[in-house]
Amino acid sequence: MAEHVLEMKNITMQFGGVVAVNDLSLEVNKGEIISLIGPNGAGKTTAFNVITGVYAPTNGAVYFNGKEIVENYPSGKMKKNYAGTNMGAFTKRIEPTPDIITKLGIARTFQNIRLWKSQTVFTNVLIAKHMTRTSNIFTATFRLNYKEERKQREETEELLKILGLDQVKDELCTSLPYGLQRRLEIARALATNPSLLLLDEPAAGMNPQETADLTDFIHRIRDEFHLTVFMIEHHMDLVMDISDRIYVLNFGALIAHGTPEEIQNNPEVISAYLGESED
Amino acid sequence: MENNKLIALKTKKYSVISLVLLVALFALVLVLEAIVPPTHILFTVLKKGAIYALVAVSMNLLNGFTGLFSLGQAGFMLLGAYTYAIFTIPLAARDQVYQYFNGGAIQFTLPVFVALILAGLVAAFFAYLIGLPVLHLKSDYLAIATLGFAEIIRAIFQWDKLGVITNGSNLLRKYPVFHSTLFYFAVSGICIAVILLLINSTYGRAFKAIRDDEVAAEAMGINLAKHKQLSFTISSFFAGISGALLAMFQTTIQASQFKSAMTYEILLIVVIGGIGSVTGSCLASFLFIACSEWWLRFLDNANLNITPIQILRPGFRKVVFSVVIMLIVLFYQKGIMGEHEFSIAGILKRLKTLRIMWKRYKRMR
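This structure is a prediction, so every number in the text was calculated from the model and none was measured. (Residues numbered from 1 in each chain as written. Chains lettered and ligands numbered in written order. Predicted model: local features only at pLDDT ≥ 70, side-chain atom pairs only at ≥ 80, totals over all residues.)

Remarks on the overall build of chain A
Across its full length, chain A carries 11 helices and 10 strands. For a compact globule of 279 residues, the expected C-alpha radius of gyration is about 19 Å, and chain A comes in at 20 Å, within 12% of that figure. When its C-alpha atoms are laid out on the principal axes, chain A stretches across 55 × 45 × 35 Å. (Helix = DSSP H or I, 4+ residues; strand = E, 2+ residues; numbered from the N terminus. Rg over C-alpha atoms; globule rule 2.2 N^0.38 Å.)

In structure tokens form, the structure reads like this:
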């Protein structure tokens, strides 16, 4: 188990009567690029939200580097209405908030870009460095942390340079073209020094050229920052091109998993997903 | 690299100029105190303006920079004002002040500056307690909860059963006060400077991130509960200090004056000055106080009527004032300063564009 960077164990997420994710188990190994695909509403983003602590799962557990970070089981009203499986398999309650998950080393981007709109490109990345501070509010207010501040600024400059954003660093983030905004979101996530990067539709709204660039970009940051990448994506070219392994979700349940070739030839996947999109 | 150095040099120059201007402002106040008779209304405006500037900036820290819409400011000012007054009334005067409560329960006094800081700390402590359940609420709900808290505090302080401490609904008076305008400017100035430092620190940036997008802020490792609590507590600390200053300025205080109307006045100053602009809040505070206390006074003077209809009469000032505020809100929807700060660099830029426009105008002719 130690070699898995991320392991989701029997995750079920139920909203009222709707089971958004049903008994999802998956593993992500170190250095891999894994894709999670599936038709709209299959529960992909919900799965991400469970990993990052936005939602506490109804049932199931998540492990990160062998350490349990999330676990929950149905209780109260949900106990009666629970529609999933594995009832009683989990008995602990670990419900961290997203900031704790990020501090452990899991960073994410969002499906709809969520940059801090009133800030410049530079400040957007710099704010993400806030997490790494050792100063408290007094030392920060009276600038007793100037060394740390200078270090954070230098690290930010360097990160922007590596990701090719240093030309636009003083511009307001909303004035950037779409592709660069996506790239800035990744830069911001990288500023938190993650070992696992979750990308939620990084190519959404991109043209073919930008998508091709993104493939190189993801490979590059994976190698440069020693990352493991777990992403949700709809662009099949990108997914098949980049992924080491693919997980396929449909109506909240895992229907297939394997290498891109295996997924392309899987009849169940074709009927649920690829088949439909080819019609 | 060269360019960066040049920019750094320039900002250094501008900050030196700003500092000189600030010192000049304090010198001006000193000079004014020396030449203008101390009973002049100008000093009332300056003192009250400085006090309101502080509380407006503290409210802006919360509403403008952290995005928490809170309306509890009057309650925290009340806590500050009462803390200061209760702990500084001289022992000899206590029998007179607490005449219905046998001299009150507290039989010691604190030094003025200790009491001033304690005023802030008490307000901050209560803010911390209230923040625990309330800060999970969003926008309007938070506003209603904090407004309700302020009203409850006011009611409690007027309660007879607590009279041995708060003197019930009677006035608190005879505590030490400062008559020098410079004192109010100094205390208020120092506090606003600290808030400015905070806003530009790493914590201030985190506050702004929470304002811009809570979900993203949390996902980037910013602990929402902790940072909101920090902002709320610090904002209330300075509201408490400004309450103590207000107590000194008025020489007597009573809980009944800290109504929600007071919070709305402060909110108005923040909105007129620009939500998210510290200098805007300061400017708007002095303008607001000057208009309500001084410049529009003549409208109340019935002797100045020249028209056969008696338009000018006591209270007419408030009608005109309301219209002025409506006009400001209509034409400056983001306030006087918007989200910008008043800076030397900004003014120079403005002047440059004006010069270019002037040149163009001349060429056209």
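Some thoughts on the sheet that holds strand E3 (residues 33–37) of chain A
Residues and elements named next belong to chain A. Ordered in space as E6-E7-E8-E3-E9-E10, the 6 strands form an open sheet in which the pairing is mixed. In this open sheet, the two strands that pair with only one neighbour each are strand E6 (106–108) and strand E10 (253–258). Along the sheet, successive strands turn relative to each other by an average axial angle of 20°, direction set aside. Looking at chain direction, E3 and strand E9 (residues 245–250) are connected through 4 bridges and run parallel. Opposite Ile37, over in E9, you have Val248 as the bridge partner. Taken strand by strand, helix H1 (residues 44–51) contacts E3, E6, strand E7 (196–200), strand E8 (228–232) and E9, and its axis lies near 150° from that of E7. (Pairing = 2+ DSSP bridges. Axes fitted to C-alpha atoms, helices over the stretch in contact; angles between N-to-C directions. Contact = placed C-beta atoms within 7 Å.)

So, the nonpolar core
In terms of nonpolar packing, the biggest core is built from 167 residues, with Leu54, Leu78, Ala81 and Ala85 of chain B touching the most fellow members. The residues contacting Ala85 of chain B, other than those within four sequence positions of it, are Leu172, Tyr175, Ala247 and Ile253 of chain B. (Core = buried A, V, L, I, M, F, W, Y, C linked by C-beta atoms within 7 Å. Buried ≥ 20, exposed ≤ 12 C-beta atoms within 10 Å, placed from the backbone.)

Considerations on the confidence of the model for chain B
For chain B, mean pLDDT is 88; residues scoring 70 or higher make up 98% of the total. Predicted complex, confidence summary: ipTM 0.90, pTM 0.90. (pLDDT = per-residue confidence, 0-100.)

Thoughts on the domain arrangement of chain B
Residues and elements named next belong to chain B. Splitting chain B by domain gives domain 1 (1–35), domain 2 (41–287) and domain 3 (296–334). Across the contact, 5 residues belong to domain 1 and 6 residues belong to domain 2. For the side of domain 1 that touches domain 2, a count of residues per class yields 4 nonpolar, no polar and 1 charged. (Domains from an automatic or database assignment. Nonpolar A, V, L, I, M, F, W, Y, C, P; charged D, E, K, R; others polar.)

With respect to the domain arrangement of chain A
How big an interface is tends to be stated in terms of the accessible area lost upon association of its parts. Residues and elements named next belong to chain A. Assigned domains within chain A: domain 1 (1–105 + 195–279) and domain 2 (114–193). For domain 1 and domain 2, the distance between their C-alpha centroids amounts to 27 Å. At the interface, 10 residues of domain 1 touch 9 residues of domain 2. A per-element tally of the side of domain 1 that touches domain 2 places helix H8 (residues 208–224) first, with 3 residues. When its residues are assigned to classes, the side of domain 1 that touches domain 2 shows 5 nonpolar, 2 polar and 3 charged.

Some points on helix H3 (residues 73–88) of chain B
For H3 of chain B, which comprises 16 residues, the first-to-last C-alpha distance of 23 Å matches the rise-based estimate of 22 Å (1.5 Å per residue) to within 8%. Among the 16 residues that make up H3 of chain B, 16 are buried, leaving the element largely enclosed by the rest of the structure. (Expected span 1.5 Å × (residues − 1).)

Here we look at the pairing of strand E1 (residues 4–15) of chain A
All names here are of chain A. Bridge analysis of E1 against strand E2 (residues 18–29) gives 8 bridges, and the strand direction is antiparallel. Residue pairing for E2: Met13 is matched across the bridge by Val21. Taking the residues that link successive antiparallel strands as the turn, the E1-E2 hairpin has 2 residues, and the phi of Gly16 there is positive, at about 60°. Here E1 pairs with strand E4 (residues 59–64) via 5 bridges, running antiparallel. Bridged to Lys9 within E4 is Ala61.

Here we look at the sheet that holds E2 of chain A
All names here are of chain A. Taken in spatial order, the 4 strands line up as E2-E1-E4-E5 in an open sheet, and their pairing is antiparallel. Only two strands of the sheet have a single partner each, and these edge strands are E2 and strand E5 (67–72). Strand after strand, the sheet turns through a mean of 15° between neighbouring axes, direction not considered. Sheet strands touched by H1: E1, E2, E4 and E5. Its angle to E2, the strand with the most contacts, is close to 65°.

A word on the interface of chain B and chain A
Counting residues at the interface gives 22 residues for chain B and 28 residues for chain A. Listed by contribution, the elements that provide at least two residues to the side of chain B that touches chain A are helix H8 (181–199), helix H9 (202–212) and helix H10 (214–219) of chain B. Of the residues assigned to the side of chain B that touches chain A, the class counts are 12 nonpolar, 4 polar and 6 charged.

Considering unusual backbone geometry
A positive phi angle, close to 60°, is found at Asn86 of chain A, a residue other than glycine. By the element assignment, Asn86 of chain A lies in the loop between helix H2 (77–81) and helix H3 (98–104). We note that Asn167 of chain B has phi near 65°; this positive angle belongs to a residue other than glycine. Looking at the element boundaries, Asn167 of chain B is found in the loop between helix H7 (163–166) and H8.

Some thoughts on helix H6 (residues 139–157) of chain B
All names here are of chain B. The first and last C-alpha atoms of H6 sit 27 Å apart over 19 residues, in line with the 27 Å expected at 1.5 Å per residue. Of all the residues in H6, the buried ones are Leu142, Thr146, Phe149, Ala150, Ile153, Arg154 and Phe157. Within H6, the buried residues cover an arc of 135° as seen down the axis, which keeps them to one side. Seen from the buried face of H6, the exposed residues on the opposite side, beyond 90 degrees, are Asp140, Tyr141, Ile152 and Ala155. In this fold, the buried residues of H6 make contact with H3, helix H5 (112–134), H7 and helix H12 (260–273). (Arc of directions from axis to C-beta.)

Digging into the environment of Asn266 of chain A
All names here are of chain A. Within the secondary structure, Asn266 is located in the loop between helix H10 (260–264) and helix H11 (267–278). The class of Asn266 is partly exposed, set by 19 C-beta atoms lying within 10 Å. Sequence separation between Asn266 and Phe251 is 15 residues; the distance between their C-alpha atoms is 17 Å.

Some remarks on the environment of Ile106 of chain A
Its location among the elements puts Ile106 of chain A in strand E6. Considering only alpha carbons, one finds Ile106 of chain A and Ile51 of chain A, 55 residues apart in sequence, at a separation of 8.7 Å.

Things to note about the pairing of E3 of chain A
Among the 5 residues of E3 of chain A, 5 are classified as buried, and the element is accordingly described as predominantly covered. Residues of E3 of chain A alternate between two faces, with Ile33, Ser35 and Ile37 of chain A on one and Ile34 and Leu36 of chain A on the opposite face, all of them buried.

Quick word on the environment of Phe108 of chain B
Along the chain, the position of Phe108 of chain B falls in the loop between helix H4 (91–97) and H5. As for Phe108 of chain B and Leu197 of chain B, which are separated by 89 residues in sequence, their C-alpha atoms are 36 Å apart.

Observations regarding the packing of H9 of chain B against helix H11 (residues 224–250) of chain B
Residues and elements named next belong to chain B. H11 packs onto H9 with a crossing angle of 110° between their chain directions and a minimal axis gap of 10 Å. As far as their axial angle goes, H11 and H9 are roughly perpendicular. Crossing hand, H9 versus H11: left-handed. Judged by residue contacts, Tyr203, Ala206, Phe207 and Ile210 of H9 engage Leu224, His227, Lys228, Leu230 and Ser231 from H11. Here the residues of the contact of H9 with H11 are counted per class, giving 6 nonpolar, 2 polar and 1 charged. (Parallel < 35°, antiparallel > 145°, perpendicular 65-115°, else oblique. Left-handed = near helix turned anticlockwise from the far one by under 90°.)

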